[in-house]
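So you can see what is in the structure, the chains are spelled out below.
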Amino acid sequence: MAVIQDHVQPPGPVSRECSPEYLTMVDHHHHHRPATPDRTSRSSFSSIREDDSSLTQDFSRSKVSSYLRLEDAIAVDDRDHIDHAARSPSPPASQTRPNMIQTQFRAPATHPHSRLLGYWSPAETFQGWKQIQVKGKLASKSFGDLQVLNNVWMTPTKPKVAKRGANRPGEAPIERLPPEILTSIINLLAIDVPPNGITRRNVDLMSLLLTSRTLHVATLSTLYRNITIPHSKIFHKFLMHITEYPALGTIVRRMDFCHFNPSQLFSTAAERSKAKNLTSETLLRCLELMPDLQEFLAQEYIDDDIDAAVLRKLLFGLPNLQALDFCGCSSNKFKEAFSSLLALDWPEKLSITRLSLHKCMTMPTAIVEMILPRLPRVTHLDLAGTRVTDAALMSIPATARLTHLNLARCKNLSARGVIDFLSQHPAAQELVYLSLATDARTNQLLDVDDVTELLQILPRTLRSLSLKGSRMEPSHIDLLRPLTKHLEELAIGRSLRLQDVNRLFIPDDTDDIQMQVDWVPHTLKYIDLSDMWSSELDLVYLFGSECMILKRLSAPLEVVELAEDLFKRVSKSMPVLQRVGWRTSECGIRGWMVRQHIEGTPKDDGRRKWKMGAESWGMRKIPVAKADVGGMYGSFMFGRKL
């Protein structure tokens, strides 16, 4: 059983600097050293820790001692005394206390060398019992002087050290925290699935289950809320748990199969079939035991196990289900299971708000036309590679508020239908992510005139736009310039030269002075030039002085994607690329030039709310659940072609 959460590294050891104050304190209290206060927020005097920020190598240094409270010790407002103390020689460290009135020991006259008899009295520098002006009035400070002297002469009490087991069961400080805060703390202990998917994980959570009843209940919520299934043996174990303890199934909110690898434990399909850990029957039984499930994330490795009964349960039997992902599911069994649902009586509305049919290439058009009109609150819709039509797109309810829309490689769509939907449909007026990418070698959605019309109707809320595969011309740069003032990702289409793209980053030389002065910098972090081939992307111009793309003036641009052949050529010229402050990065068949971080400047970690947990730029699949990128979803997002 695995839970997807943020991975937190345990804090490292803390060192203590041997300052004079600390050495004096150790000498004075070597047997009665007080307990370190507030260990969670302050490790020690003059300690160093990593700061929780996006800056690389960012540390915070604490110079406040946990043992000396200087502000609390100031009780006498006597500037003359402070000035006199500054001019007089400093007594030994062992005889001084910060901002305290000094005392001296007076031995009896008959035994001048005795340390047993005698008495303590104020030092000669003591200036109490006098009139001091406070805000223009005379006010006696004698009470304050006596109070400080009383604190000085008192024998210091030994700090009380709490004994182990002093708190009664259920009354420890951490157990008295509100449930929301306690759950948030425990969530930090959950880790992602290990790369091999078999190694024991969440050992800390399993140990926490045995600590106390209160922590046991709080830990169960973290352990069972988000379930990740890396292989069928884990699924079988999880199913046995919730079958024996049905209450645990009510905690589950996410069932994630994106890391699922059927060949991880079994080398052949026959062995996997014989084990029968994950089948359509066991999957349906598992869904029956999770009545409050909100997110179901599947992928192509389990599409044969999603039959008609499982689909009916997902679409009609889970009223709280909000996110549904069938990424890559295209087997014949999956197609037949969905087709069998056409004969059923569908409800008027489905609870799903985030739907991904990414690369469900065999799904019948009738199914898409049946689902889309029943999504009145949909916000994320990934239809890349499907058989969606113009009519199905326009059938989306007007009450929907789409923020993410992926229509890449939808061959049944027309340019007119897409433009009318984006310009007229109420659900498409607040888009943040829009992909209209195509592979120009097999299909072209947008022509020159279509791109011209499209660029004039796009909303200002847009942060990511892909026009890959569309036919463009230099005049489109003037229409793209206003969009680059709020876009962070932009994929350029065909037929443009690098000289044209360069105009997005600097004003034209022919512009008047006032226009150049009023130039607003772009906000692009990523630009996709993979539609440019060798004849259009001149490497000599790219590394020349006239091109601004690789210069510091193009900041905040961080990532430039290149075509496969060009990336191979650039990779052979690493010294030249590093000289201008860039490096290469690749994943699968995709390759990027990445700007190297300059020391002393803020670093952007790439996280955005609209990216749903992803940090890298240029994702080609819409995530429907907020989680770290990995597994098959990571491959579809960053490692594959369209």
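Our structure's up above, just so we're on the same page.
Just so it is clear, the model here is predicted, and its values are computed rather than measured. (Residues numbered from 1 in each chain as written. Predicted model: local features only at pLDDT ≥ 70, side-chain atom pairs only at ≥ 80, totals over all residues. Heavy atoms only, no water.)

(A) Fine view of the nonpolar core. One finds Phe296 and Phe326 to be the most contacted residues of the largest nonpolar core, which totals 122 residues. Those residues in contact with Phe326, other than ones at most four positions away along the chain, are Ala298, Ile306, Leu311, Leu314, Phe334, Phe338, Ser356, Leu357, His358 and Cys360. One finds Val432, Tyr526, Trp610 and Trp617 within the second-largest nonpolar core, a separate group that totals 13 residues. (Core = buried A, V, L, I, M, F, W, Y, C linked by side-chain atoms within 4.5 Å. Buried < 20%, exposed > 50% of the residue type's maximum accessible area, 1.4 Å probe, protein only. Contact = heavy atoms within 4.5 Å.)

(B) Fine view of empty space enclosed by the protein. One pass over the structure, following the stated rule, counts 3 cavities of 30 Å³ or more. The volume enclosed by the largest cavity comes to roughly 160 Å³. Of all elements in the fold, only strand E14 (433–435), strand E15 (464–466), strand E16 (489–491) and strand E17 (526–528) reach the threshold of two or more residues within the lining of the largest cavity. When grouped by side-chain class, the residues that make up the lining of the largest cavity number 9 nonpolar, 5 polar and 6 charged. Counted as a void, the second largest cavity has a volume near 130 Å³. As for the second largest cavity, its lining consists of 17 residues, of which Pro623, Ala625, Ala627, Asp628 and Tyr633 are closest to the centre. Residues belonging to the lining of the second largest cavity are distributed by class as follows: 11 nonpolar, 1 polar and 5 charged. (1 Å grid on protein atoms, 1.4 Å probe; cavity = no way out; pocket = protein on both sides within 12 Å on 5 of 7 lines; lining within 4 Å. Points joined across faces, edges and corners; volume = space filled by probe spheres on them. Helix = DSSP H or I, 4+ residues; strand = E, 2+ residues; numbered from the N terminus. Nonpolar A, V, L, I, M, F, W, Y, C, P; charged D, E, K, R; others polar.)

(C) Fine view of the packing of helix H12 (residues 308–316) against helix H13 (residues 332–339). H13 packs onto H12 with a crossing angle of 55 degrees between their chain directions and a minimal axis gap of 8 Å. When the axis of H12 is compared with that of H13, the two are oblique. Crossing of H12 over H13 shows right-handed handedness. Taking contact as the criterion, the partners of Ala308, Leu311 and Leu315 in H12 are, on H13, Phe334, Ala337 and Phe338. Across the contact of H12 with H13, the residue classes tally to 6 nonpolar, no polar and no charged. (Axes fitted to C-alpha atoms, helices over the stretch in contact; angles between N-to-C directions. Parallel < 35°, antiparallel > 145°, perpendicular 65-115°, else oblique. Left-handed = near helix turned anticlockwise from the far one by under 90°.)

(D) Broad picture of helix H11 (residues 280–288). Regarding H11, the residues found buried are Ser280, Thr282, Leu283, Cys286 and Leu287. Here the buried residues of H11 occupy an arc of 165 degrees about the axis, which is enough to place them on one side. If you follow the buried residues of H11, they end up packed against helix H8 (232–244), strand E8 (254–256), strand E9 (295–299) and H12. (Arc of directions from axis to C-beta.)

(E) The environment of Pro347, seen in detail. Structurally, Pro347 is set in the loop between H13 and strand E11 (354–356). Using a relative accessible area of 31% as the deciding quantity, one classes Pro347 as partly exposed. Measuring from C-alpha to C-alpha, the distance between Pro347 and Arg374 comes to 7.9 Å, with 27 residues separating the pair along the chain. Discounting chain neighbours no more than four positions away, the residues touching Pro347 are Phe316 and Arg374.

These figures capture arrangement, not role.
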